[in-house]
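# What the coordinates show
Chain residues, written in single-letter form:
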Amino acid sequence: MSAVVMDGKALAAEIKQALRKRCAALSRPPRLAVVLVGDDPASAVYVRNKEQDCAQCGISCADHRLPSGTSQAELLALIDTLNRDEAVDGILVQMPLPAHLDAGQVLRAIAPAKDVDAFHPENVGLLHLGQPRYLPCTPAGILALLKKYGIDPAGKHCVVVGRSNIVGKPLALLLLQADATVTVCHSKTPDLADQCRRADILVSAAGQVGLITADMVRPHAVVIDVAMNRGADGRLCGDVDFGAVAQRADYITPVPGGVGPMTRAMLMENTYQAALGRESR
């Protein structure tokens, strides 16, 4: 029997429709400032998608496009301006930045209350304390998908493949806070296949085509594929051998159409929360 395919695209549409009503109830639409440095084609597509999401939710989007030669001082000056602009609720700097720019310093320069990606050290610290201002977008999207399909992490063994600051680490923390037992695997983990076979919920965010094969998945597991890779044929794919694993798991996310749309929907949710916080001040 084939696994249930977890439709992130459909759930994201539901979330955005509900957000549109909530945004309309505010005194003014939430406003997201998006900063794109350079002309990376993939980044331009991501920004365009986020602008479309904003339009669907009733969120105002201010697009700031800077040339690839922009200096660190110039970029920090723009962020400082956006931090002080009371009309701006959220700030998103599209990654990756050109190699000559210090991304860490840039992310730390964003005011924590406007950091809707939840990358600022203050917001990371609040998350670790269990008192998040905003939830990191991809992990939050994964939890929302699990909830939609009635999958409770409590008491489950969750294996997360990947230890990035964007997905692996914060997701492991949120799963712990949801009462799961969590194992985090990475490039130095011995016998990755054995670790994966222990998972009730297996999440792969390694960025390696074909990493997760059917023999690495226990029967009836939930498999969440976070990665966005290009296969040999140029098509988008994840880490998971979807066709084979879908014959073994009970639930599985597709790539594309699984976690990606949910990540963007959670960015919209965080932007709304930032605007709500502004109105309560």
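Presented here is a report on the structure given in the accompanying data block. Just so you know, these numbers come straight off a predicted model, no measurement behind them.

### Some remarks on the nonpolar core
Counting 45 residues, the largest nonpolar core has Leu-32, Ile-142, Leu-146, Ile-224 and Met-268 as its most contacted members. In terms of residue count, helix α10 (residues 259-280) provides more of this core than any other element does, 9 residues in total. Residues Ile-212, Val-223, Ala-246 and Ala-249 belong to the second largest nonpolar core, which totals 20 residues.

### Examining the environment of Leu-66
You can see Leu-66 is positioned in strand β3 (residues 60-66). Sequence separation between Leu-66 and Ala-99 is 33 residues; the distance between their C-alpha atoms is 14 Å. Setting aside its immediate chain neighbours within four residues, Leu-66 contacts Val-35, Leu-36, Val-37, Gly-38, Leu-75 and Leu-78.

### Observations regarding the pairing of strand β4 (residues 90-93)
Neither face of β4 is left uncovered, since the one carrying Gly-90 and Leu-92 and the one carrying Ile-91 and Val-93 both have all their residues buried. Bridge analysis of strand β2 (residues 31-37) against β4 gives 4 bridges, and the strand direction is parallel. Residue pairing across strands places Leu-32 opposite Gly-90, the latter belonging to β4.

### Things to note about the environment of Asp-215
By secondary structure assignment, the location of Asp-215 is in the loop between β7 (201-204) and β8 (222-225). Put simply, Asp-215 and Gly-8 are 207 residues apart on the chain and 25 Å apart in space, counted from C-alpha to C-alpha. Within the structure, Asp-215 has its side chain in polar contact with the side chain of Thr-213 (distance 2.5 Å).

Here is what the cut-offs are and how they apply
Residues numbered from 1 in each chain as written. Predicted model: local features only at pLDDT ≥ 70, side-chain atom pairs only at ≥ 80, totals over all residues. Heavy atoms only, no water. Core = buried A, V, L, I, M, F, W, Y, C linked by side-chain atoms within 4.5 Å. Buried < 20%, exposed > 50% of the residue type's maximum accessible area, 1.4 Å probe, protein only. Helix = DSSP H or I, 4+ residues; strand = E, 2+ residues; numbered from the N terminus. Contact = heavy atoms within 4.5 Å. Pairing = 2+ DSSP bridges. Polar contact = N/O pair within 3.5 Å; in protein donor to acceptor, adjacent residues only side chain to side chain.

That is the geometry; function is a separate question.
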